[in-house]
Amino acid sequence: MKDQEKLTSIDFWVDNKHEHIFSRHDGHGIDEFIRKYIPASKNGSCLEIGSFPGPFLATFGDLGYVLNGVDFHPDNKDKVPAWLNSLNFSTGSFDTQDFFEYNTPERFDVVASFGFIEHFSNYEEIILKHAGLVKKNGYLLITTPNFKGWLQHFLHKTWDRTNLSYHNLQSMQPEKWAALLERSGFQV
């Protein structure tokens, strides 16, 4: 992957501006969405891409999934699974590496990312890499903020241009994700 396709760097995520507290996001809209659409499992596996600090992994843990993650944050390998284990969840592999270097033969019942694809100019390639990690009849869950909407775009452009520059607004079109995934055999 060419560096210019990444809109952020590891320094953006691992600095003093981003204080990471391990906590659940119970009752958050994403938490509620997961509970509504992802079935419980006694032995299923879940992979979060961009898994540090993992608040929604706890929701998948509640549903019975073995939790896995990949993130280039240096604390992903040890601190995220330690936190999840402290909540009595089952954990698998947590890798600290760039997603584009992540290569595993394992396929997962659920693959999820929350606010990940919009940090790349080649977001369609990112979505397809996500899709390639999903087991047959598995689930793929991807979210982004909506800075493309007129109000959020105006607010960010007016008062938060630096943050806006780290986001690919073209990636914030779920209808394009749906078309791409349907062509790849997913039911949306």
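Look a little higher up for the structure.
These figures come from a predicted structure and were not determined experimentally.

Engineer: Give a detailed account of the side chain of Asp71, specifying residues and quantitative values.
Structural biologist: Following the sequence through the fold, Asp71 ends up in strand S2 (residues 66-71). Residue classification places Asp71 among the buried residues on the basis of a relative accessible area of 12%. Polar side-chain contacts of Asp71 include one of 2.7 Å to the backbone nitrogen of His73. When sequence neighbours within four positions are dropped, the list of residues in contact with Asp71 reads Gly50, Ser51, Phe52, Asn76, Asp95, Thr96 and Gln97.

Engineer: Before we move on, could you go through the packing of helix H5 (residues 123-131) against helix H8 (residues 174-183) and cite the residues and values that matter?
Structural biologist: Where H5 meets H8, the closest approach of the two axes is 11 Å, and the angle between their N-to-C directions is 50 degrees. Classed by the angle they form, the pair H5 and H8 counts as oblique. Crossing angle aside, the handedness with which H5 passes H8 is right-handed. On the side of H5, the interface is formed by Tyr123, Glu124, Ile127, Leu128 and Ala131, while H8 contributes Lys176, Trp177, Leu180 and Leu181. Along the lines of polarity and charge, the residues of the contact of H5 with H8 split into seven nonpolar, no polar and two charged.

Engineer: Can you break down the environment of Arg35 residue by residue, with the values?
Structural biologist: For Arg35, the position within the fold is in helix H2 (residues 29-37). Residue classification places Arg35 among the partly exposed residues on the basis of a relative accessible area of 36%. Separated by 28 residues in the primary sequence, Arg35 and Leu63 place their C-alpha atoms 7.9 Å from one another. Leave out the neighbours within four places in its chain, and Arg35 touches Arg24, Asp26, Thr59 and Asp62.

Engineer: Could you give me a rundown of the pairing of strand S3 (residues 91-96), with the residues and numbers involved?
Structural biologist: Each regular strand shows side chains that alternate between the opposite faces of the sheet. Bridging between S2 and S3 involves four bridges; their strand directions are parallel. Bridging across to S3, Asp71 finds its partner in Thr96. The β-α-β motif built from S2, the intervening helix H4 (residues 79-86) and the parallel element S3 has right-handed crossover chirality.

Engineer: Please give an account of the packing of aromatic side chains that cites residues and values.
Structural biologist: Scanning the model with the defined rule gives five aromatic pairs in all. Look at Phe33 and Tyr37: their rings are 4.6 Å apart centre to centre, the planes differ by 40 degrees, and that puts the pair in the tilted class. Of the two residues, Phe33 and Tyr37 both sit in helix H2, four residues apart, roughly one turn of that helix. On the accessibility criterion, Phe33 (38% relative accessible area) is partly exposed.

Engineer: Pulling in residues and values, what's your account of the sheet that holds strand S1 (residues 45-49)?
Structural biologist: Spatial strand order, S3-S2-S1-S4-S5: five strands in an open sheet with parallel pairing. Edge positions in the open sheet fall to S3 and strand S5 (134-143), since each of these has one partner strand only. Between one strand and the next, the sheet's axes are offset by a mean angle of 15 degrees, whatever the strand orientation. Contacts from H4 reach S2 and S3 within the one sheet, and its direction differs from that of S3 by about 160 degrees.

Engineer: Kindly report on the pattern of salt bridges, identifying the contributing residues and their values.
Structural biologist: Taken as a whole and assessed by the stated rule, the structure comprises five salt bridges. Its salt-bridge partner being Asp26, residue Arg35 comes within 3.9 Å of it at the nearest N-O pair. Measuring nitrogen to oxygen at the nearest pair gives 3.2 Å for the salt bridge that ties Asp31 to Arg35. Here Arg35 and Asp31 lie together in helix H2, a separation of four residues that amounts to about one turn. Judged by its relative accessible area of 3%, Asp31 is buried. Overlapping salt bridges, with partners in common, bring together Asp26, Asp31, Arg35 and Asp62 in one network.

Criteria and thresholds
Residues numbered from 1 in each chain as written. Predicted model: local features only at pLDDT ≥ 70, side-chain atom pairs only at ≥ 80, totals over all residues. Heavy atoms only, no water. Helix = DSSP H or I, 4+ residues; strand = E, 2+ residues; numbered from the N terminus. Buried < 20%, exposed > 50% of the residue type's maximum accessible area, 1.4 Å probe, protein only. Polar contact = N/O pair within 3.5 Å; in protein donor to acceptor, adjacent residues only side chain to side chain. Contact = heavy atoms within 4.5 Å. Axes fitted to C-alpha atoms, helices over the stretch in contact; angles between N-to-C directions. Parallel < 35°, antiparallel > 145°, perpendicular 65-115°, else oblique. Left-handed = near helix turned anticlockwise from the far one by under 90°. Nonpolar A, V, L, I, M, F, W, Y, C, P; charged D, E, K, R; others polar. Pairing = 2+ DSSP bridges. Right-handed = clockwise from strand over helix to strand, strands pointing away. Phe/Tyr/Trp six-rings, centres within 6.5 Å; stacked < 30°, edge-to-face > 60°. Salt bridge = Lys/Arg side-chain N within 4 Å of Asp/Glu carboxyl O.

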